[in-house]
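This is what each chain is made of:
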Amino acid sequence: MSTEYNSSSLRPSFRHPLIKVLWLTQLWLLLLFECGVVISEVPPHYWETPYSQPYFDNSSRREVTATVGQAALLHCRVRNLGDRAVSWIRKRDLHILTVGILTYTNDQRFQSLHSEGSDEWTLRISSPQPRDSGTYECQVSTEPKISQGFRLNVVVSRAKILGNAELFIKSGSDINLTCLAMQSPVPPSFIYWYKGKRVMNYSQRGGINVITERSTRTSKLLIAKATPADSGNYTCSPSSSDSASVVVHVINGEHPAAMQHGNSSANCLRCSSPVPLLAITTTLTTTAAVAVTWNWNWSSGWLLPAAFANCLSWS
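Here's what I pulled together on the structure shown here. Treat the numbers as computed from the prediction; the structure is a model and nothing was measured.

**Considerations on the overall build of the chain**
Part 1 of the argument: Summing up its helical and strand segments, the chain has three helices and 23 strands in all.
Part 2 of the argument: Taking all 315 residues of the chain together, the buried fraction comes to 28%.
Part 3 of the argument: Within the chain, contacts between residues at least 6 apart in sequence are counted, and of these 57% link residues at least 24 apart.
Part 4 of the argument: For the chain, the accessible surface area stands at approximately 20,500 Å², while carbon and sulfur atoms represent 56% of it.

In structure tokens, the structure reads:
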């Protein structure tokens, strides 16, 4: 068998069809062999997609605020976990809290929650305290290890009744109290009002109305046409917050002068003892450069500076 090459194209020409078939067959086998060599030399992981290794689903909340006494939940989602293990680590002391669904700490408030077939691994902290605030890591046992941090803030939620801690209401007026659940991460499921130990939300007395807005975490207690019998200690108690109280006095007539006007001692100078008229006259004559307006106080019988005009009580 012989082949002749065209010098212009360098392509083989065949005098017999069988020769052409054999040549093409050899060329095909050579190509298959070469491809087999290339495939055998490629590492298996070369064909793996980037997401075949475990990775974190970043849709989880990375910062969580919880209230003292209410369970805190940190949700970690890991895709393509395979046979690897998920652990929860407390960052401040690198203490291993859980591995898989097993707890590795003597503090049984920590627990790992996981449903079969789920990508979610949840760290549950029952009855958290402010000392539990900090960073917690969700760690996967790859080589090298991968981890994702979660920030937990544990706050003390307290109720606050707007206004003074003691109120004086004129008989026949309305009592209007407003309570706010402070630092509550979620709206309270209920807010109860008490007078002493009696719940006001379901009081049979007419003219009492409780308006609670969970979205704003506020509640209002309205008592129409209050009487002295409505005096007492009123307490606001949200479901997930410490309570707050206010003392209400319903009085007949006008408010007492001291309670109505408040303490006026900050606006006037109080004297420890009366100043004799002779001393005032001597001072006035020796310091003529000081111009002072003097008024006679008939009730006390003393000559007083005008600045003392509103200060009529002497201690």
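Let us keep going from here.
**Details of the sheet that holds strand β15 (residues 175-182)**
Part 1 of the argument: Reading across the sheet, the four strands line up as β13-β15-β19-β18 and stay open at both edges, with antiparallel pairing between neighbours. Each having just a single partner strand, β13 (158-161) and β18 (208-213) make up the two edges of the open sheet. Taking each pair of neighbouring strands and ignoring which way they run, the sheet shows an average axis angle of 15°.
Part 2 of the argument: In this structure, β13 lies alongside β15, joined through four bridges in antiparallel fashion. In the strand pairing of β15, arginine 158 is matched with methionine 182.

**Considering the sheet that holds strand β20 (residues 232-238)**
Sheet strands pair via backbone hydrogen bonds, and the direction of the pair is either parallel or antiparallel.
Part 1 of the argument: The sheet built from five strands is open, its strands ordered β14-β21-β20-β16-β17 with mixed pairing. At either end of the open sheet lies a strand with only one pairing partner, and these are β14 (166-170) and β17 (198-199).

**Side note on unusual backbone geometry**
Excluding glycine, residues mostly carry a negative phi; peptide bonds, for their part, are mostly trans.
Part 1 of the argument: Cis geometry marks the peptide bond from glutamate 143 to proline 144, where omega comes out at 0°.
Part 2 of the argument: Checked against the element boundaries, proline 144 lands in the loop between β11 (134-140) and β12 (146-155).
Part 3 of the argument: In this structure, glutamine 183 takes a positive phi of about 55° despite not being glycine.
Part 4 of the argument: The phi dihedral of arginine 217 falls on the positive side, at around 60°, and the residue is not glycine.
Part 5 of the argument: Position of arginine 217 relative to the elements: it lies in the loop between β18 and β19 (218-223).

**Description of the environment of serine 203**
Part 1 of the argument: Counting through the fold element by element, serine 203 comes out in the loop between β17 and β18.
Part 2 of the argument: Take serine 203: its relative accessible area is 19%, and that puts it in the buried class.
Part 3 of the argument: Each residue touching serine 203, except ones within four places of it in the same chain, is listed here: Arg198 and Ile208.
Part 4 of the argument: A polar atom in the side chain of serine 203 sits 3.4 Å from the side chain of arginine 198.

**Here we look at the pattern of salt bridges**
Part 1 of the argument: Using the criterion set out here, one finds seven salt bridges in the structure.
Part 2 of the argument: For the salt bridge of glutamate 120 with arginine 77, the shortest nitrogen-to-oxygen distance reads 2.8 Å. Linking glutamate 120 in strand β10 (residues 120-125) with arginine 77 in strand β5 (residues 72-79), this pair joins segments that are 43 residues apart in sequence.
Part 3 of the argument: In this structure arginine 77 comes out as partly exposed when scored by relative accessible area, which is 25%.
Part 4 of the argument: Through salt bridges that share partners, Asp57, Arg79 and Asp119 make up one connected network.

**Thoughts on the pairing of β12**
Residues in a regular strand project their side chains so that they alternate between the two faces of the sheet.
Part 1 of the argument: Sheet analysis places strand β4 (residues 63-67) next to β12, joined by five bridges and oriented parallel. Its bridge partner being in β12, alanine 66 is matched across the sheet by valine 154.
Part 2 of the argument: Bridge analysis of β11 against β12 gives seven bridges, and the strand direction is antiparallel. Bridging from a neighbouring strand, valine 140 pairs with isoleucine 146 of β12.
Part 3 of the argument: From the end of β11 to the start of β12, which pair antiparallel, there are five residues.

**Regarding a nonpolar patch on the surface**
Part 1 of the argument: Nonpolar side chains collect at one region of the surface, where Ile96, Ile101, Leu102 and Tyr104 lie side by side and expose about 420 Å² of accessible area between them.
Part 2 of the argument: Mapping leucine 102 onto the fold places it in strand β8 (residues 102-103).

**Considerations on the environment of lysine 220**
Part 1 of the argument: Take lysine 220: it is sitting in strand β19.
Part 2 of the argument: On the basis of relative accessibility, which here comes to 37%, the residue lysine 220 falls in the partly exposed class.
Part 3 of the argument: Setting aside anything within four residues of it in sequence, one finds lysine 220 in contact with Leu177, Thr178, Trp193, Asn209, Val210 and Ile211.
Part 4 of the argument: Side chain to side chain, lysine 220 and threonine 178 meet in a polar contact 3.1 Å long.

The rules behind these values
Residues numbered from 1 in each chain as written. Predicted model: local features only at pLDDT ≥ 70, side-chain atom pairs only at ≥ 80, totals over all residues. Heavy atoms only, no water. Helix = DSSP H or I, 4+ residues; strand = E, 2+ residues; numbered from the N terminus. Buried < 20%, exposed > 50% of the residue type's maximum accessible area, 1.4 Å probe, protein only. Contact = heavy atoms within 4.5 Å. Areas by Shrake-Rupley, 256 points an atom, 1.4 Å probe, with all protein chains shown as cover. Pairing = 2+ DSSP bridges. Axes fitted to C-alpha atoms, helices over the stretch in contact; angles between N-to-C directions. Polar contact = N/O pair within 3.5 Å; in protein donor to acceptor, adjacent residues only side chain to side chain. Salt bridge = Lys/Arg side-chain N within 4 Å of Asp/Glu carboxyl O. Patch = residues over 30% accessible without salt bridge, like charges linked within 9 Å, V, L, I, M, F, W, Y side chains within 5 Å.

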